[in-house]
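Overview (structure and organization)
Residues per chain, in single letters:
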Amino acid sequence: MNIFFDVDFTWLGLDQSLRPGTHETMQRLLADGHKIYIWSGVGIRWPEVHQHRLTPYVTDCFVKPLSQYAERVAQMDLPVWPDLVIDDFPEVPAALGGFWIRPYFYFSNTDDEMEVIYRLITEVARTGRSADRRFKPKPLNGASA
Ligand SMILES: [Mg+2]
């Protein structure tokens, strides 16, 4: 699957720290055969990807629409369609299909949300869905690639 990760409060804290488990999660998703894309409403985030040494896992970076997600993504002419989006802002997975992730603000070594998200992604990859309340399926009336 093409998995699109948001940046701020998804894996990057307000304190610029990297959410625990981000490396391991991206490494395993890649090993499982998924492709990882990074997008952000504030621009192309290669600098943060490089700074946190996530570069080997990331296929490309894009700008994320700030509203009307499905419509705008359809107009963006992306080289790939997001199969699953991971975002701390619930409207994004609600519009495109994917997981809401608990917002990450400050470094905490007890934050295990990335591990939870990894397990949920593998569940969706295997079964096509998840009963977890974080999951929103891709809307049937949404635009498709
Ligand atoms: Mg965010």
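These lines cover the structure that appears in this document, whether it is placed above or below. Treat the numbers as computed from the prediction; the structure is a model and nothing was measured.

The protein atoms that coordinate the magnesium ion are Asp 6 (OD), Asp 8 (O) and Asp 88 (OD), at distances spanning 2.0 to 2.2 Å. All donors of the magnesium ion come from a single chain, and their spacing in sequence reads D-x1-D-x79-D. Here Asp 8, found in the loop between β1 (2-5) and α1 (22-31), pairs with Asp 88, found in the loop between β4 (84-87) and α4 (91-96); they are 80 residues apart in sequence, far enough to count as distant. Under the relative-accessibility criterion, Asp 8 is labelled partly exposed at 24%.

At a minimum axis distance of 9 Å, the contact between α1 and helix α5 (residues 113-127) shows a crossing angle of 15 degrees. Considering their axes alone, α1 and α5 lie roughly parallel with respect to each other. Seen from above, α1 lies across α5 with right-handed handedness. On α5, the residues touching Thr 22, Thr 25, Arg 28 and Leu 29 of α1 are Met 114, Glu 115, Tyr 118 and Ile 121.

Its identity is not glycine, yet Gln 16 carries a phi of approximately 70 degrees, on the positive side. Tracing the sequence through the fold places Gln 16 in the loop between β1 and α1. Taking the relative accessible area as the measure of exposure, Gln 16 reaches 39% and is therefore partly exposed. Residue Asp 77 is not a glycine yet carries a positive backbone phi of 60 degrees. Structurally, Asp 77 can be placed in the loop between α3 (69-75) and β4.

The next thing to look at is the pairing of strand β2 (residues 35-40). Of all the six residues making up β2, five are buried; the element is thus mostly covered by neighbouring parts of the structure. Both β1 and β2 contribute to a ladder of four bridges, which runs parallel. Counted as the bridge partner of Phe 5 is Ile 38 from β2. Sheet topology note: the β2/strand β3 (residues 58-63) ladder contains five bridges and is parallel. For Ser 40, the partnering residue across the bridge sits in β3 and is Val 63. A crossover links β2 with its parallel partner β3, the connecting element being helix α2 (residues 46-51), and its sense is right-handed.

Rules behind the numbers
- Residues numbered from 1 in each chain as written.
- Predicted model: local features only at pLDDT ≥ 70, side-chain atom pairs only at ≥ 80, totals over all residues.
- Heavy atoms only, no water.
- Donors = N, O, S within 2.8 Å, 3.2 Å for Na, K, Ca; no water.
- Helix = DSSP H or I, 4+ residues; strand = E, 2+ residues; numbered from the N terminus.
- Buried < 20%, exposed > 50% of the residue type's maximum accessible area, 1.4 Å probe, protein only.
- Axes fitted to C-alpha atoms, helices over the stretch in contact; angles between N-to-C directions.
- Parallel < 35°, antiparallel > 145°, perpendicular 65-115°, else oblique.
- Left-handed = near helix turned anticlockwise from the far one by under 90°.
- Contact = heavy atoms within 4.5 Å.
- Pairing = 2+ DSSP bridges.
- Right-handed = clockwise from strand over helix to strand, strands pointing away.

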